[in-house]
Amino acid sequence: MSISESLAALRQNIESRNPAEPEFHQAINEVFETLSPMLGKHPEYAEAKLLERICEPERQIIFRVPWVDDAGEVQINRGFRVEFNSALGPYKGGLRFHPSVGLGVVKFLGFEQIFKNALTGLPIGGGKGGSDFDPKGKSDNEIMRFCQSFMTELYRHIGEYTDVPAGDIGVGAREIGFLFGQYKRITNRYESGVLTGKGLAWGGARVRVEATGYGTAYFVQEMLAANDAGLGGRDVIVSGSGNVAIYAIQKVHQLGGRVVACSDSTGYVHDADGIDFKMLRQIKEVERGRISEYAERRGASARYETNGSIWDLPCTVALPCATQNELDAEAARRLIASGVVAVAEGANMPCRPEAVRLFQEAGVLFGPGKAANAGGVATSALEMQQNASRDSWSFEYSEQRLHEIMRNIHTDCFETAAEYGHPRNYVLGANIAGFNRVAEAMLAMGVI
Ligand code: NDP
Ligand code: 2IT
């Protein structure tokens, strides 16, 4: 069987063994499409069934999360933790609280996380978790009770040397606080390194809040620089208005670009004067408000839209930072027609495969999430490092480390793509570079 035939057979086998998990199939497919040139050079990987092993999570945990709402009614949610791969270090990856969370979503995120974490060059394996719990409209007390119940099961599966969760959609410093408090109470251990994204006063690391967004902006800056261009003076669109989007906007502004639009799941705002970062952060992070309130408060320059998509607007740099599959082929065509030159994924898998293909065919620089948004998890690993040494680094030093890591990831993807005969194909470069690192560690450890 040729390499592409055996990849197709394996893909089919994975799809039938894991039915009704379309996002997981999509993530697998994206990786498989780029591996052939590397597998040709490494017949020992096929012999050791490395690909088959990597696609099967080491452990999958699904559990009941019962809690009582403010009206006194019992609610039941489902919790997940998929411990995908620990070849490079303890399982590492966020928790997502969103009604759309199911096993397929957690597995796609966990699978991506393996290669993303490998690209950081830091000692972290891949995992992901979450719940179909919807934090929207819940009181602080409800959030606390839910987090306590979630951790009452999760605690037995995690630990600083085992599995280290963090935040993702719907999980920020507030939730990590409740989760950490319950872990500490149940185990009677102040084990700082068991969770990342903690508050600064109790073991958190500077720049972790900003890291994913900052890292995405740095990554797009690197892609442009490698092609003799820059961010200065560009109109940029950032979708979403959560943790990743907010700090991508701040860093793009600091690097000389101008973000003219952002969004949430109900609409988007266009601000002709450029998004006011401080106002946005106040509304979204402090007040937990909606993007429509930004438009109301900002006045004449801002327009709020609920019809159509944020990708209807023209820009030369696009940073999708909301959620998976938010940017489809039609949006990609419009962006290409409006002159987009670079797209970097702050979110995980926000661009549909057809959109990625269109960008690549049109010569648009495309940075896949596993490279472009790796700054968040990389800074989580720096948080673990600070916890292990009971140290706390300055903002400047932490940001310098993040910047250096993003530059290295860019170089790694860029050079790997060129080495395998596909210059500027960052998808191929990221997949092969990440895969190689995991594969070599697994080979060295035998059949595990
Ligand atoms: P937040 O919960 O802080 O923000 C999520 C944002 O995306 C909100 O604006 C939200 O709008 C929007 N959004 C969520 N779901 C949907 C949906 N189904 N349709 C449209 N908009 C949606 O999450 P983060 O900023 O942390 O995460 C954003 C993305 O970045 C995710 O893909 C995540 O996996 C990825 N990521 C996050 C990292 C981190 O460190 N936090 C690290 C690397 C990647 P609304 O409020 O209306 O729901
Ligand atoms: O998708 C991601 O990389 C994250 N949500 C961050 C994971 C982490 O462990 O910091």
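Look up a bit, the structure's there.
None of the values given here were measured: they were computed from a predicted structure.

Each value, and the rule that gives it
- Residues numbered from 1 in each chain as written.
- Chains lettered and ligands numbered in written order.
- Predicted model: local features only at pLDDT ≥ 70, side-chain atom pairs only at ≥ 80, totals over all residues.
- Heavy atoms only, no water.
- Helix = DSSP H or I, 4+ residues; strand = E, 2+ residues; numbered from the N terminus.
- Rg over C-alpha atoms; globule rule 2.2 N^0.38 Å.
- Buried < 20%, exposed > 50% of the residue type's maximum accessible area, 1.4 Å probe, protein only.
- Contact = heavy atoms within 4.5 Å.
- Lys, Arg positive; Asp, Glu negative; His and termini not counted.
- Charge placed at Lys NZ, Arg CZ, Asp CG, Glu CD.
- Near = heavy atom within 4 Å.
- Polar contact = N/O pair within 3.5 Å; in protein donor to acceptor, adjacent residues only side chain to side chain.
- Areas by Shrake-Rupley, 256 points an atom, 1.4 Å probe, with all protein chains shown as cover.
- Nonpolar A, V, L, I, M, F, W, Y, C, P; charged D, E, K, R; others polar.
- Pairing = 2+ DSSP bridges.
- Axes fitted to C-alpha atoms, helices over the stretch in contact; angles between N-to-C directions.
- Parallel < 35°, antiparallel > 145°, perpendicular 65-115°, else oblique.
- Left-handed = near helix turned anticlockwise from the far one by under 90°.

### Describing the overall build of the protein
Helix and strand content of the protein: 17 helices and 12 strands. Taking 2.2 N^0.38 as the reference for a compact globule, 448 residues should give roughly 22 Å; the C-alpha atoms of the protein span a radius of gyration of 21 Å, in line with that estimate. With the C-alpha coordinates of the protein rotated into their principal frame, the extents come out at 60 × 55 × 45 Å. Burial statistics for the protein: of 448 residues in total, 56% are counted as buried. Sequence separation of 24 or more characterises 72% of the internal contacts of the protein that already satisfy a separation of 6 or more. The centroid of the 46 positive side-chain charges in the protein is displaced by 3 Å from the centroid of its 55 negative side-chain charges.

### Here's the deal with the site of ligand 1
Looking at ligand 1, there are 25 residues lining it, with Lys136, Asp168, Ser265, Arg290 and Asn348 nearest. Val244 is positioned such that a nitrogen or oxygen atom in its backbone is 2.9 Å from an oxygen atom of ligand 1. Ala322 is positioned such that a nitrogen or oxygen atom in its backbone is 3.5 Å from an oxygen atom of ligand 1. Summarising the interface, the protein chains cover 83% of the accessible area of ligand 1, which totals 890 Å² for the free molecule. Mapped onto the shell around ligand 1, the elements with two or more residues apiece are α8 (208–225) and α9 (243–254). Taken together, the residues of the shell around ligand 1 sort by class into 5 nonpolar, 13 polar and 7 charged.

### Some points on the sheet that holds strand β3 (residues 91–97)
Spatially, β1-β2-β4-β3-β5 is the arrangement adopted by the 5 strands of the open sheet, whose pairing is mixed. Edge positions in the sheet fall to β1 (59–68) and β5 (163–167), since each of these pairs with one other strand and no more. For this sheet the average axis-to-axis angle between neighbouring strands, irrespective of direction, equals 20°. Bridge count for strand β2 (residues 74–85) against strand β4 (residues 126–131) is 6 bridges, and the pairing is antiparallel. Opposite Gly79, over in β4, you have Ser131 as the bridge partner.

### What about the packing of helix α10 (residues 277–286) against helix α11 (residues 291–298)?
Following both chains from N to C, one finds α10 and α11 inclined at 140°, their axes separated by 9 Å at the closest point. By the criterion of interaxial angle, the relationship of α10 to α11 is oblique. Our pair here, α10 against α11, has a crossing hand that is right-handed. Between α10 and α11, the residues in contact are Met279, Leu280, Gln282, Ile283 and Lys284 and Ile291, Glu293, Tyr294, Arg297 and Arg298, respectively.

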